[in-house]
Amino acid sequence: MSKKQLLLQTAAQMIREDGISQLSLERLATKAGITKAGVLYHFDSKANLLRQMNELAIETFETRIKEHLSDGPYPFTRAYALATLDDVDHGDTDLIAVFISSQEDAASESIWSKVSTDWNEKFAVDGPDQDAILKLRLLCDGFWFAVLYGYSESFKDRAANLIREACDELIQGGS
């Protein structure tokens, strides 16, 4: 892992643990065990760090969506749901925290707003039952929040099963 990747990961962990307001380049340097100049080499400001963290979170999630795209009904919606489960399976809850905390930072919120608009367009043409799509999206969004805020493992497993069942329902209902 490169130093830059380590810094992005450490900053995401700090956001998950302490909130976005507690993130500073100086605290990041201390936590990462490097000088502030070392952080500034990669990120010239906190805004630049946040932008790159959001871009990484989006890129990671969209890559997972693409990996799950398949034939059949509601391909984007099912891929979105399975990518959501991947985030948890891969232990990427820090990246989820970046997304949730982005609402506290105007520039980050703007990045996510653009991506959200793109996803909304894909959901809108993904299949005829928009209520089923919305149901699965809400399950996924709730799952992210629940995992981030430390719900029990049994809850996580039950919620993941509900998401998988909703995906199966889309396949069966869309055939």
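Residues numbered from 1 in each chain as written. Predicted model: local features only at pLDDT ≥ 70, side-chain atom pairs only at ≥ 80, totals over all residues. Heavy atoms only, no water.

- By the naming in an unreviewed UniProt entry, the protein goes by TetR/AcrR family transcriptional regulator and is assigned to Exiguobacterium aestuarii.

1. Thoughts on the UniProt feature "domain: HTH tetR-type" (unreviewed entry) in the protein
Now for step 1: When the UniProt feature table is mapped to this numbering, "domain: HTH tetR-type" (unreviewed entry) covers residues 1-61.
Now for step 2: For the annotated span residues 1-61, helix accounts for 77% and strand for 0% of the residues, and the straight-line distance between the end C-alpha atoms is 19 Å. (UniProt positions renumbered as here; feature names shortened; annotations may be inferred. Helix = DSSP H or I, 4+ residues; strand = E, 2+ residues; numbered from the N terminus.)

2. Topic: the UniProt feature "DNA-binding region" (unreviewed entry) in the protein
Now for step 1: Those places that UniProt annotates as "DNA-binding region" (unreviewed entry) correspond, in this numbering, to residues 24-43.
Now for step 2: Across residues 24-43, the secondary structure splits into 75% helix and 0% strand, with the terminal C-alpha atoms separated by 11 Å.

3. So, the environment of leucine 8
Now for step 1: Within the secondary structure, leucine 8 is located in helix α1 (residues 3-18).
Now for step 2: A C-alpha to C-alpha distance of 6.0 Å links leucine 8 and methionine 53, two positions 45 residues apart in sequence.
Now for step 3: Excluding residues within four positions of it along the chain, leucine 8 makes contact with Phe43, Leu49, Gln52, Met53 and Leu56. (Contact = heavy atoms within 4.5 Å.)

4. Brief notes about the side chain of aspartate 86
Now for step 1: Within the element layout of this structure, aspartate 86 appears in helix α5 (residues 75-89).
Now for step 2: Buried aspartate 86, no salt bridge; nearest opposite-charge side chain is arginine 64, N-O distance 4.7 Å.
Now for step 3: A distance of 2.6 Å separates the side chain of aspartate 86 from the side chain of histidine 68, its partner in a polar contact.
Now for step 4: For aspartate 86, the contacting residues outside a window of four places in its chain are Arg64 and His68. (Buried < 20%, exposed > 50% of the residue type's maximum accessible area, 1.4 Å probe, protein only. Lys, Arg positive; Asp, Glu negative; His and termini not counted. Salt bridge = Lys/Arg side-chain N within 4 Å of Asp/Glu carboxyl O. Polar contact = N/O pair within 3.5 Å; in protein donor to acceptor, adjacent residues only side chain to side chain.)

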